[in-house]
Amino acid sequence: MIRLSPLLLVLMAGLPVGMSAQGLLPGCRLENGSLQCVPGLTASPQKQIQVLEGQINRDVQSEGHIEQAIEGLKRFELIGKAREGQLIKAELMLQGGGFDEVHIHWYRRNNQGNWQLVNTVRESSYRIQPSDRGHQLMAVLVVKTSDGKVQRISSNVLGPVTD
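Everything quoted here is computed from the prediction, not taken from an experiment. (Residues numbered from 1 in each chain as written. Predicted model: local features only at pLDDT ≥ 70, side-chain atom pairs only at ≥ 80, totals over all residues. Heavy atoms only, no water.)

A.B. asks: Can you walk me through the pairing of strand β1 (residues 28–31) in this structure?
C.D. replies: Looking along a regular strand, one sees side chains alternate from face to face of the sheet. Only one face of β1 is covered, namely the one carrying Cys28 and Leu30; the face carrying Arg29 and Glu31 has none of its residues buried. In terms of strand pairing, β1 meets strand β2 (residues 34–37) through 4 bridges, oriented antiparallel. Residue Arg29 lies in a different strand from β2, and its bridge partner there is Gln36. (Buried < 20%, exposed > 50% of the residue type's maximum accessible area, 1.4 Å probe, protein only. Helix = DSSP H or I, 4+ residues; strand = E, 2+ residues; numbered from the N terminus. Pairing = 2+ DSSP bridges.)

Right, here's the structure in full:
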């Protein structure tokens, strides 16, 4: 039986603490922070290391794609005044490719409460409604990269809205 410290295993496998490692290594699973392997069913230690290194490489590649998507986002900010009836625009400047989908979602909150999705709006501009009075406004850019990863980036906050 191979025993690795939970932190070392998490770092090597790129897995969150508590996540099952079944399927990661033949004949092995993660139990209570240690790798438990069935004798005779496990790969050699060298093969296990290769499998773990392969997983790390895939995670690093995936992280690199997301970082490129974020770097491609040069600017995302709300432009306009927080006044009832005003049109606020979400200005964004994307550079490079690798984006399959780009969506903007609008949110509002009262004081320091929770942000609430404004369900009816999914455009790059938003006309401030009477129901927004006293609330702060924010937009969230949702970017789906060509490899299927989703990244969310929030804009600056405007408000509170006045009449």
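A.B. asks: Would you explain the packing of aromatic side chains in this entry?
C.D. replies: For any two aromatic rings, the description comes down to two numbers: the centre-to-centre distance and the angle of the planes. Inspection of the entire model under this criterion finds 1 aromatic pair. Note on Trp106 and Tyr126: the rings are 5.5 Å apart at their centroids and 25 degrees apart in plane angle, and the pair reads as stacked. Linking Trp106 in strand β5 (residues 99–110) with Tyr126 in strand β7 (residues 125–127), this pair joins segments that are 20 residues apart in sequence. What makes Trp106 buried here is its relative accessible area of 0%. Taking relative accessible area as the criterion, Tyr126 reaches 5% and is therefore assigned buried. (Phe/Tyr/Trp six-rings, centres within 6.5 Å; stacked < 30°, edge-to-face > 60°.)

A.B. asks: Can you help me understand the side chain of Ser155 in this one?
C.D. replies: One can find Ser155 in the segment after β9 (150–154). Since its relative accessible area comes to 9%, Ser155 is described here as buried. Sequence-distant contacts of Ser155, that is, excluding residues within four places in its chain, are made with Phe76, Glu77, Leu78, Met138 and Ala139. (Contact = heavy atoms within 4.5 Å.)

A.B. asks: Please explain the pattern of salt bridges as it appears in this structure.
C.D. replies: Two side chains bearing opposite charge may form a pair once their charged atoms approach each other closely. Using the criterion set out here, one finds 2 salt bridges in the structure. A salt bridge links Arg133 to Glu84; the shortest N-O distance between them is 2.4 Å. Here the residue Arg133 occupies a position in the loop between β7 and β8 (135–145), and Glu84 occupies one in the loop between β3 (73–79) and β4 (87–94), the gap between them amounting to 49 residues. Classification of Arg133 by relative accessible area gives partly exposed; the value is 43%. A relative accessible area of 27% places Glu84 in the partly exposed class. In this structure, Asp132 and Arg108 form a salt bridge, with 2.4 Å as the shortest nitrogen-oxygen distance. Of this pair, Asp132 sits in the loop between β7 and β8 while Arg108 sits in strand β5; the two residues are 24 residues apart in sequence, bridging distant segments of the chain. (Salt bridge = Lys/Arg side-chain N within 4 Å of Asp/Glu carboxyl O.)

A.B. asks: Is there a simple way to explain the side chain of Gln136 in this structure?
C.D. replies: Tracing the backbone through its elements, the reader meets Gln136 in strand β8. In contact with Gln136, not counting residues within four places along its chain, are Tyr107, Arg108, Arg109, Asn111, Trp115, Val157, Leu158, Gly159 and Pro160.

A.B. asks: Before we go on, may I ask you to explain the sheet that holds β9 in this structure?
C.D. replies: Two strands in a sheet stick together by hydrogen bonds in their backbones, pointing the same way (parallel) or opposite ways (antiparallel). The antiparallel open sheet is built from 4 strands, whose spatial order is β6-β5-β8-β9. Where the open sheet ends on each side, the last strands, each with one partner, are β6 (116–117) and β9. Across 5 bridges, β8 lies against β9 in antiparallel orientation. Within β9, the residue paired with Val140 across the bridge is Ser154.

A.B. asks: Would you mind showing me how to read the nonpolar core here?
C.D. replies: Grouped burial of nonpolar side chains is what soluble globular proteins tend to show. Counting residues in each nonpolar core, the largest one holds 17 residues, and the members touching the most others are Leu78, Ile88, Ile104 and Trp106. Among the elements of the structure, β3, β4, β5 and β8 are those that each provide at least two residues to this core. Take this core: its biggest share by element is 4 residues, from β8. What Leu78 contacts, discounting residues up to four positions off in sequence, is Ile88, Lys89, Ala90, Trp106, Leu137, Met138, Ala139, Ser155, Asn156 and Leu158. (Core = buried A, V, L, I, M, F, W, Y, C linked by side-chain atoms within 4.5 Å.)

A.B. asks: Sorry, what's going on with the environment of Ile128 here?
C.D. replies: Structurally, Ile128 can be placed in the loop between β7 and β8. Taking C-alpha positions, Ile128 is 9.4 Å from Lys81, a pair spaced 47 residues apart along the chain. Setting aside chain neighbours within four positions, we find Ile128 in contact with Lys81, Ala82, Arg83, Glu84, Gly85, Gln86, Ile88, Leu137 and Val161.

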